[in-house]
Amino acid sequence: MNNKKVLVGMSGGVDSSMTAYMLQKDGYEVTGCYMKLHNSRVGYHEKNIEAGKRVADFLGIEYHVLDLEDDFKNEVYNYFVDEYKKGRTPNPCVKCNRSIKFGGMFDFAKSLGIDYLATGHYAKTDGEFIYEADDKTKDQSYFLAQVKKDVLKHLIFPMSIYKKEDIIKQASQIPAIKKISENKESQEICFVETVYTDVLKKHNKIDQDGKVLDVNGNEVGKHKGYMHYTIGKRKGFTVDGAHEPHYVKSLNPKTNTIVVGKKEDLAITNVKLNDLNLYVDGDSFECTIKLRYRTTKIPCSVTIENGIANVELKEPVYGVASGQVAVFYEDEKVLGSGWITQTVE
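Residues numbered from 1 in each chain as written. Predicted model: local features only at pLDDT ≥ 70, side-chain atom pairs only at ≥ 80, totals over all residues. Heavy atoms only, no water.

(A) Looking closely at the pairing of strand β10 (residues 247-252). Bridging between β10 and strand β11 (residues 257-261) involves five bridges; their strand directions are antiparallel. Its bridge partner being in β11, Ser250 is matched across the sheet by Val259. Following β10, the chain reverses through four residues before pairing antiparallel with β11; Asn256 in that reversal takes a positive phi of roughly 50°. (Pairing = 2+ DSSP bridges. Helix = DSSP H or I, 4+ residues; strand = E, 2+ residues; numbered from the N terminus.)

Structural data, given as structure tokens:
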């Protein structure tokens, strides 16, 4: 294979458009690819494809439209709905990166005889590990921690060393990308236009009044249906006679009840993970861990047995949700990840 051929996932946004532009300037033979993943709103694909096509024509490159809607629905969308129904908090972007963007699109690159795949993600890779991007405010290494190890050596992330404002500034000087650079940032979950419950309402009866319980099992209030809540939420339910904030500690889909407590009641010191994706060998190691995207790293000890990671946290963490991804780090290096199945006080 020609090692200067690269398929660029071109979503119609500024980061992916600049990725294609930069790689071509670096001497790569660039091919563009837009992925059709969902039809969440009218005109969504048409607008994005038109923007991507405009950049592709400016660069003089091929631009493919890859229809992965069925795969996306099965692997990401249905999973998203099912997890909330089970009382868990899903992470669809991590699922999508593993199975769709660096799964289906990577397979498409191989079918074209292209050895490299590039996207506008803010992260780094050396072919063996993923690392945090230089711009920590945009870093997406957490969302890439489930990408299969054998795919890493084929990935290129040109955004890795740039700040977002620098990319927008550069893009504003390029005629075909200037208009794109003025668009507002896309939302985190592409198929959630407003709030996640609007998606759930299409598939479930989510408005069902239920009981709020305290940590001792006593009924202390009412709520509007367990799917409206995630672990750590502090609004949208009543707690009779409460004089300080209460937070959701757990959900029970079978009884449509939620358990709430004070902040200290939500402290977790141990988590268990399954579906591990590791870039290192060994069944025990010390590292730091992120238990949700917008959280700080916590020191921990990891022991793996029969495909399950037992993680002992060196300090308590509050509001940890089953269903989220936990990512292992060594400084800025991602060591691997797993899905939270159980939390222990």
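What follows continues from the structure just given.
(B) Local environment of the sheet that holds strand β9 (residues 219-223). Here four strands make up an open sheet; going across it, the order is β9-β8-β11-β10 and the pairing mixed. In this open sheet, the two edge strands, each paired with only one partner strand, are β9 and β10. Averaged over all pairs of adjacent strands, the angle between their axes in this sheet comes to 30°, without regard to strand direction. Examined bridge by bridge, strand β8 (residues 210-213) and β9 share four bridges and lie antiparallel to one another. (Axes fitted to C-alpha atoms, helices over the stretch in contact; angles between N-to-C directions.)

(C) Expanded view of the sheet that holds strand β7 (residues 155-156). Strand order in the open sheet formed by five strands is β3-β2-β1-β4-β7, and the pairing between neighbours is parallel. The open sheet has two free edges, formed respectively by β3 (63-67) and β7, since each of these has just one partner strand. Sheet analysis places strand β2 (residues 29-36) next to β3, joined by five bridges and oriented parallel. If you follow Met35 over to β3, its bridge partner there is Leu66. Contacts from helix α2 (residues 44-59) reach β2 and β3, with the element oriented near 155° to β3. (Contact = heavy atoms within 4.5 Å.)

(D) How the structure looks around empty space enclosed by the protein. Using the criterion set out here, one finds one cavity of 30 Å³ or more in the structure. Lys205, Ile206, Gln208, Gly225, Tyr226, Met227 and Asn256 together form the lining of the largest cavity. Residue composition of the lining of the largest cavity, grouped by class: three nonpolar, three polar and one charged. (1 Å grid on protein atoms, 1.4 Å probe; cavity = no way out; pocket = protein on both sides within 12 Å on 5 of 7 lines; lining within 4 Å. Points joined across faces, edges and corners; volume = space filled by probe spheres on them. Nonpolar A, V, L, I, M, F, W, Y, C, P; charged D, E, K, R; others polar.)

(E) Broad picture of the packing of aromatic side chains. One pass over the structure, following the stated rule, counts ten aromatic pairs. Note on Tyr229 and Phe237: the rings are 6.0 Å apart at their centroids and 65° apart in plane angle, and the pair reads as edge-to-face. Put simply, the rings of Phe80, Tyr84 and Tyr196 touch in pairs and so form one group of aromatic residues. Against the face of Tyr28 rests Lys4, its NZ or CZ located 4.2 Å from the ring centre. Positioned over the ring face of Phe129 is Lys333, at 4.3 Å from the centre of the ring. (Phe/Tyr/Trp six-rings, centres within 6.5 Å; stacked < 30°, edge-to-face > 60°. Lys NZ or Arg CZ within 6 Å of the ring centre and 35° of its normal.)

(F) Structural view of the layout of surface pockets. Computed from the structure, the second largest pocket encloses a volume of approximately 380 Å³. Forming the walls of the second largest pocket are 20 residues, and the residues nearest its centre are Pro90, Glu188, Ile189, Arg292 and Gln324. Breaking the lining of the second largest pocket down by element, the ones donating at least two residues are α3 (69-85) and α4 (92-111).

(G) Structural view of a negative patch on the surface. On the surface, a cluster of negative charge is made up of Asp67, Asp70, Asp71 and Glu75. If you tally residues by element for the negative patch, the top one is α3, at three residues. Note on Asp67: relative accessible area 51%, which makes it exposed. (Patch = residues over 30% accessible without salt bridge, like charges linked within 9 Å, V, L, I, M, F, W, Y side chains within 5 Å. Areas by Shrake-Rupley, 256 points an atom, 1.4 Å probe, with all protein chains shown as cover. Salt bridge = Lys/Arg side-chain N within 4 Å of Asp/Glu carboxyl O. Lys, Arg positive; Asp, Glu negative; His and termini not counted. Charge placed at Lys NZ, Arg CZ, Asp CG, Glu CD. Buried < 20%, exposed > 50% of the residue type's maximum accessible area, 1.4 Å probe, protein only.)

(H) Representation of the nonpolar core in the model. Counting residues in each nonpolar core, the largest one holds 63 residues, and the members touching the most others are Phe80 and Ile258. With nine residues, the single largest contributor to this core is α4. Excluding its chain neighbours within four sequence positions, the residues that come into contact with Phe80 are Pro90, Pro92, Ile189, Phe191, Val192, Tyr196, Val199 and Leu200. Leu23, Ala51, Met159 and Ile180 belong to the second largest nonpolar core, which has 27 residues in total. (Core = buried A, V, L, I, M, F, W, Y, C linked by side-chain atoms within 4.5 Å.)

(I) Expanded view of the pattern of salt bridges. In total, this model carries 15 salt bridges according to the counting rule given. Two residues, Asp57 and Lys53, come together in a salt bridge whose shortest N-O distance is 3.1 Å. With Asp57 and Lys53 both in helix α2 and four residues apart, the pair spans about one turn of that helix. Asp57 sits in the partly exposed class, given a relative accessible area of 49%. Between Glu286 and Lys314 there is a salt bridge, with the nearest N and O atoms lying 2.9 Å from each other. Of this pair, Glu286 sits in strand β13 (residues 284-290) while Lys314 sits in strand β15 (residues 308-318); the two residues are 28 residues apart in sequence, bridging distant segments of the chain. Residues Glu286 and Lys314 agree in their burial class; the two are exposed.

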